[in-house]
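Structure assessment
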Amino acid sequence: MQERYRHGECIGRRADGINCVAAAQDRMVAFPNVKLLSQLVTPERARIAFKASAEATSKAVMLAITVAAARWLNADQFGILAFATATGWLLTVATDAGLSMYLAREVARRRTGCHQLLLDVVGLRTGLAFLAATGTVLAAPDLVPGHWIVQFVVLVTAQLAGGVTETVSHYFRGIERAEIESAIQAAQRLVMVVWAMLALWITRRLDYLAVAMLVPTLCGLLVSAVIALRMSSRDRVEGAKPE
């Protein structure tokens with residue numbers, strides 16, 4: 001077979017006279033959604049290991065931040081941190097309202113045409129988180145001393161933003177692309193632990209720690225939402241094409 005290669009494409013003719021480029025394009029049509037790190041490329045064990053590593057990293061980061069905060073913050077600051085973390089976790093569970101599991105189940109069932117579903121679920125989830133954050137601002141003067149209100153609200157907001165990110169991540173689980181969620185989660189947690197450790201080591205102040213926990217979480221939410229919306233939009237276009 002006589003052929004040459006350019007940018008990864010086979011150009012030429014095989015011995016039976018079939019154009020190599022045409023043959024390759026025919027094979028690509030049969031597998032239009034094969035992507036790096038997808039279930040069709042990455043072995044099952046590797047995907048499971050990647051997901052487990054991301055989860056372990058997430059838990060280890062939070063443990064490291066808690067231990068460092070207990071060492072470098074005074075008793076009042078650490079108490080506010082613990083109270084805000086617990087409050088944010090409770091509000092995150094309450095505002096989820098089963099939306100995450102609903103999104104994953106419906107996406108897995110439909111497979112395509114889930115763009116509007118994603119917008120509706122994430123919009124509702126974000127609205128509930130916003131209401132919880134607003135309620136936290138209103139109730140904070142009765143929950144913590146006045147000079148800790150800002151830190152308390154920022155920490156609770158970070159927890160709520162993480163909950164919205166978790167809901168968006170269920171879209172990736174529904175389309176069996178959990179490795180995207182794992183990569184975003186691992187990157188977010190690693191940035192968070194670096195910022196948090198620097199804030200604690202340099203300033204030993206709760207307000208800087210709160211910002212160090214909020215900003216990476218918001219960035220992770222933004223990245224997850226953009227990727228999910230782009231993927232769902234592409235699936236909608238592909239699903240609308242005639243057979």
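We now turn to the structure provided with this report. (Residues numbered from 1 in each chain as written. Predicted model: local features only at pLDDT ≥ 70, side-chain atom pairs only at ≥ 80, totals over all residues. Heavy atoms only, no water.)

A word on the overall build of the chain
For the chain, the count of helices and strands is 8 helices and 2 strands. Helices and strands in the chain line up, N terminus first, as β-β-α-α-α-α-α-α-α-α. Long-range contacts, defined as pairs at least 24 residues apart, comprise 72% of the intrachain contacts of the chain with a sequence gap of at least 6. Taken as a whole, the chain presents about 13,900 Å² of accessible surface, with 66% of it coming from carbon and sulfur. (Helix = DSSP H or I, 4+ residues; strand = E, 2+ residues; numbered from the N terminus. Contact = heavy atoms within 4.5 Å. Areas by Shrake-Rupley, 256 points an atom, 1.4 Å probe, with all protein chains shown as cover.)

Details of the packing of aromatic side chains
The full count for this structure, using the stated rule, is 2 aromatic pairs. Between Tyr171 and Phe172, the aromatic rings sit 5.9 Å apart at their centres with planes inclined by 70°, giving edge-to-face as the arrangement. Accessibility classification places Tyr171 together with Phe172 in one group, the buried group. (Phe/Tyr/Trp six-rings, centres within 6.5 Å; stacked < 30°, edge-to-face > 60°. Buried < 20%, exposed > 50% of the residue type's maximum accessible area, 1.4 Å probe, protein only.)

Re the pattern of salt bridges
Counted under the stated rule, the structure contains 9 salt bridges. Salt-bridge contacts for Arg109 lead to Glu106; the nearest nitrogen and oxygen are separated by 2.5 Å. A residue pair is termed a helical-turn pair when its members lie 3 or 4 positions apart in one helix, as Arg109 and Glu106 do in helix α4 (residues 99–110) at 3 residues. Taking the relative accessible area as the measure of exposure, Arg109 reaches 58% and is therefore exposed. For Arg177, the salt bridge identified is with Glu179, shortest N-O distance 2.5 Å. Glu179 shares its class with Arg177; the two are buried. Three or more residues are tied together by salt bridges with common partners; here these are Arg105, Glu106, Arg109 and Arg110. (Salt bridge = Lys/Arg side-chain N within 4 Å of Asp/Glu carboxyl O.)

Examining a nonpolar patch on the surface
On the surface, a cluster of nonpolar side chains totalling about 740 Å² of accessible area is made up of Val191, Val194, Trp195, Leu198, Trp201, Ile202, Val211 and Val215. Going through the elements one at a time, α7 (178–202) and α8 (206–240) are the ones with two or more residues in the nonpolar patch. With 6 residues, α7 is the largest single contributor of residues to the nonpolar patch. With relative accessibility at 44%, the residue Val211 sits in the partly exposed group. (Patch = residues over 30% accessible without salt bridge, like charges linked within 9 Å, V, L, I, M, F, W, Y side chains within 5 Å.)

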